[in-house]
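Results of the structural survey
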Amino acid sequence: MTNGPTSGRSGAEAAELVGVVDLGSTAVRLLVARVTPTTGYRVLAEERVPTRLGGGAPGTLPREAIDATLRTVHRFFARYSPNGHGPRIVAVATSAVRDAENRERLLDPLRRDEGIDVQVLSTRDEARLGVHAALENLSFKNGLVVELSRVRRRKVVSTASLSLGPVRTTRRFVRHDPPTPRELRALRQEIRAQLMVDLPPAARGEIVVGLGGTVRSLAGIHLLTRRDRTRRHGLRLRQSDVTAIRQRLEGLSRQKRRRIRGLKAERVDIILAGAIVIEEIMVFGGYLTLVVCTRGIRDAILVRETFRGRA
């Protein structure tokens, strides 16, 4: 259980239970929290289940991923909402669902059978929530929050979005195990083509703030390689650290990547593509430091629910 932000305001309203459903491209994340408006929140239960909604053909949610997601959501809220009496649900979906032509095969059963109305986030809304999670939990003034939201004096001054998620890019470019040099060149060419349009160059001292599974995995590998007990959240990796990890991963088969400490089994097939995207952002944009943020969309949602948009 974790505590959320607190405020000095008095006269707080009565606490309520809030459930958050986050339908991501790699996993579904669910939590139940006790929210005291204007004061804070406390997470009572949470679960993360790999489902790979983003693992299908372009514009398609895989049937097995849809089924796994429906089972996961039903099981979680059957436990915490017996007989339909439970938390108020806030549900969101990100790029995999947003880009899928068959998304109603997932959204309709959630609406009909679970009473869950999912908000499909726009790219701008998804980026905004990511920035809010980073600003709420890290003390930085200027930088770039992946995906490509530029922050100056803790205010967002520009936002862009990349179609470079690790599941999508791995499926599109990687056919061999380990990947061939030709496949990796094609991947880098696509990354650079998108960065040419949307990546702001680093000003002096600006950092990249990374959120999501790829960045958490890079942090875990880095810490265990160095036998460092530092927490992942707030960890600073140099550009050369990211390159060293990418070089280590590049020549390994998926089976050999499974032996890397700090890397979850569910990410062995997609970590290389994700690492290359992060490395290219840093090198191409001139960013020397990556700061790890382990918070995400669900945390930003809880802050929003706590402060009703006043935070």
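Preceding block: the structure.
Residues numbered from 1 in each chain as written. Predicted model: local features only at pLDDT ≥ 70, side-chain atom pairs only at ≥ 80, totals over all residues. Heavy atoms only, no water.

Attention now goes to the overall build of the protein chain. Tallying secondary structure elements over the protein chain gives 11 helices and 12 strands in all. Taken across its 311 residues, the protein chain has 51% of its residues classed as buried. If you take every contact in the protein chain between residues at least 6 apart in sequence, the share linking residues at least 24 apart comes to 69%. Roughly 15,300 Å² of accessible area belongs to the protein chain as shown, and the carbon and sulfur atoms make up 46% of that amount. Separation between the mean location of the 56 positive side-chain charges and that of the 32 negative ones in the protein chain comes to 6 Å. (Helix = DSSP H or I, 4+ residues; strand = E, 2+ residues; numbered from the N terminus. Buried < 20%, exposed > 50% of the residue type's maximum accessible area, 1.4 Å probe, protein only. Contact = heavy atoms within 4.5 Å. Areas by Shrake-Rupley, 256 points an atom, 1.4 Å probe, with all protein chains shown as cover. Lys, Arg positive; Asp, Glu negative; His and termini not counted. Charge placed at Lys NZ, Arg CZ, Asp CG, Glu CD.)

This part is about the pattern of salt bridges. Scanning the model with the defined rule gives 24 salt bridges in all. Among the salt bridges present, the one from Asp113 reaches Arg112, with a minimum N-O distance of 3.1 Å. On the basis of relative accessible area, Arg112 is assigned to the exposed category, the value being 54%. Across the pair Glu305 and Arg304 runs a salt bridge whose closest N-O atoms are separated by 3.8 Å. Note on Arg304: relative accessible area 28%, which makes it partly exposed. Beyond isolated ion pairs, a larger network of salt bridges with shared partners links Glu104, Asp108, Arg111, Arg112, Asp113 and Asp117. (Salt bridge = Lys/Arg side-chain N within 4 Å of Asp/Glu carboxyl O.)

Scope: geometric values only; no functional claims are made or implied.
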